Amino acid sequence: MSTTSKRVAGIEPGQRRLNGPQTSGRDFRNLSQPRYRIRKDFNVKIPMRDGIELVADVYRPDADGAFPALVAASPYARQIQDLGAPAGFIEAGVTDFWVPRGYVHLIVNLRGTGGSGGTFAFFDSQERRDMHDVIEWVAEQPWCDGNLGMLGISYFAMTQLEAAVERPPHLKAIFPFAVTSDLYEGATHHGLPSTKFVSSFLSMLGLTAPKSDRFYRSAPFAIARRLLNLPPIHRKFATISGESAKGVLDLLMRLPHPPRPWDELWQNAVVKHRYGTPGGTSAT
């Protein structure tokens, strides 16, 4: 499915104001001017070397020619990264800032999430190889000029490190923010299991990852998108904290979700590899 949009984020009158983590805490000036409408290509299939296909939404300038590309990849629902709420797992970067200024923005779902094939394995060697394949696939597309970077917060930052380790030839820059490179550190505190975050995180993925495109592109999400982008409501997110997002995760934990692979991943992180493994809990 392909559509276009003229929405623009920035600092000029009439543009959607950036807020919260979208600003990196900075004031901006002398920004490049937006020149393009946004073309949206949903549910684009990206083949991996083993035949599995990952699914991405591709946002690009609605114009002829090739452009540099920015890739964001995670297990979080790609379809709601434009909800206008810069919190929790909405961390892929600001599409309506970059694309009007001449960049392609791809939001990719990892294996076993958001309609992508395969099984999610939580920061493992397969995920690293997938990041290499995604970068090189993007570089071959006619709308990309061969220059690629990556962006995003948290898990989106972790996949940047994964790509950098694999050293795909066309990856020129990464900007990982709020990142860990070792799941052992995320699941323990000085050697003691710390399950409060990892339990709610995996429960959240168990609930959200299997949901279909029809669910995320439904009328209720369209209404939420409009409401969250109303300026008075949007400004409320300027000071939102990670603790607020954690509260949402705690609520999600109470809802049922399929046990596989999420409960197995929890056992690997907290029980089977509670003392860590060479290279972290994701050494396979």
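Peer 1: Explain helix 10 (residues 262-272) to me, using residue names and the numbers behind them.
Peer 2: The periodicity of an α-helix, 3.6 residues per turn, causes residues three or four positions apart to be oriented the same way. Turning to helix 10, its buried residues number three or more, namely Trp262, Leu265, Ala269 and Val270. Seen end-on, helix 10 carries its buried residues on one side only, within an arc spanning 105°. On its buried side, helix 10 packs onto helix 4 (183-187), strand 11 (192-193) and helix 5 (195-208).

Peer 1: So what's going on with the packing of aromatic side chains? Which residues, and what values?
Peer 2: Within the structure shown, the criterion is met by 17 aromatic pairs. Where Tyr76 meets Phe156, the ring centres are 6.0 Å apart and the plane angle is 70°; that geometry is what we call edge-to-face. With a gap of 80 residues between them, Tyr76 in the loop between strand 6 (67-74) and helix 1 (95-98) and Phe156 in helix 3 (residues 155-166) connect regions that are remote in the sequence. A single burial state applies to Tyr76 and to Phe156, both of which are buried. Considering the side-chain rings of Phe122 and Tyr155, the 6.4 Å spacing of their centres and the 20° angle between planes classify their relative orientation as stacked. Of this pair, Phe122 sits in the loop between strand 7 (104-109) and helix 2 (125-139) while Tyr155 sits in helix 3; the two residues are 33 residues apart in sequence, bridging distant segments of the chain. No difference in accessibility class separates Phe122 from Tyr155, as the two residues are buried.

Peer 1: How would you explain the pattern of salt bridges if you had to name every residue and give the values?
Peer 2: Pairing is possible between side chains that carry opposite charge, provided their charged atoms lie close to one another. Applying the stated criterion to the full structure yields twelve salt bridges. As a salt-bridge pair, Asp41 and Arg60 come within 3.0 Å of each other at their nearest N and O atoms. Separated by 19 residues along the polypeptide, Asp41 in strand 4 (residues 38-47) and Arg60 in strand 5 (residues 53-61) bring together distant segments of the chain.

Peer 1: Hey, could you go over the nonpolar core for me, with residue numbers and the actual values?
Peer 2: With 63 residues, the main nonpolar core has Val71, Leu106, Val108, Phe122, Val134, Val138 and Tyr155 as its most contacted residues. Among residues more than four places away in sequence, those in contact with Val138 are Ala69, Val71, Leu106, Trp143, Cys144 and Leu148.

Peer 1: Go over the packing of helix 2 against helix 3, please, and point to the residues and values.
Peer 2: At their nearest, the axes of helix 2 and helix 3 sit 8 Å apart, and the two run at 80° to each other. The orientation of helix 2 relative to helix 3 falls into the category roughly perpendicular. Contact residues: Glu127, Arg128, Arg129, Met131 and His132 in helix 2; Tyr155, Thr159, Glu162, Ala163, Val165 and Glu166 in helix 3.

Peer 1: I'd like a description of the sheet that holds strand 4, backed by residues and values.
Peer 2: In a beta sheet, neighbouring strands are held together by backbone hydrogen bonds and run either parallel or antiparallel to one another. Pairing is mixed across the open sheet formed by seven strands, whose spatial order is 1-4-5-7-6-8-9. Strands at the two margins of the open sheet, each flanked by one partner only, are strand 1 (2-5) and strand 9 (171-174). Sheet twist, expressed as the average angle between the axes of neighbouring strands with direction ignored, equals 30°. When strand 1 meets strand 4, the two strands line up antiparallel, connected through four bridges. Its bridge partner being in strand 4, Thr3 is matched across the sheet by Lys40. Here helix 2 sits on the sheet in contact with strand 4, strand 5, strand 6, strand 7, strand 8 (144-150) and strand 9, set at roughly 150° to strand 8. The sheet strands contacting helix 3 are strand 6, strand 7, strand 8 and strand 9, and the helix crosses strand 6 at an angle near 115°.

Conventions used here
Residues numbered from 1 in each chain as written. Predicted model: local features only at pLDDT ≥ 70, side-chain atom pairs only at ≥ 80, totals over all residues. Heavy atoms only, no water. Buried < 20%, exposed > 50% of the residue type's maximum accessible area, 1.4 Å probe, protein only. Helix = DSSP H or I, 4+ residues; strand = E, 2+ residues; numbered from the N terminus. Arc of directions from axis to C-beta. Contact = heavy atoms within 4.5 Å. Phe/Tyr/Trp six-rings, centres within 6.5 Å; stacked < 30°, edge-to-face > 60°. Salt bridge = Lys/Arg side-chain N within 4 Å of Asp/Glu carboxyl O. Core = buried A, V, L, I, M, F, W, Y, C linked by side-chain atoms within 4.5 Å. Axes fitted to C-alpha atoms, helices over the stretch in contact; angles between N-to-C directions. Parallel < 35°, antiparallel > 145°, perpendicular 65-115°, else oblique. Pairing = 2+ DSSP bridges.

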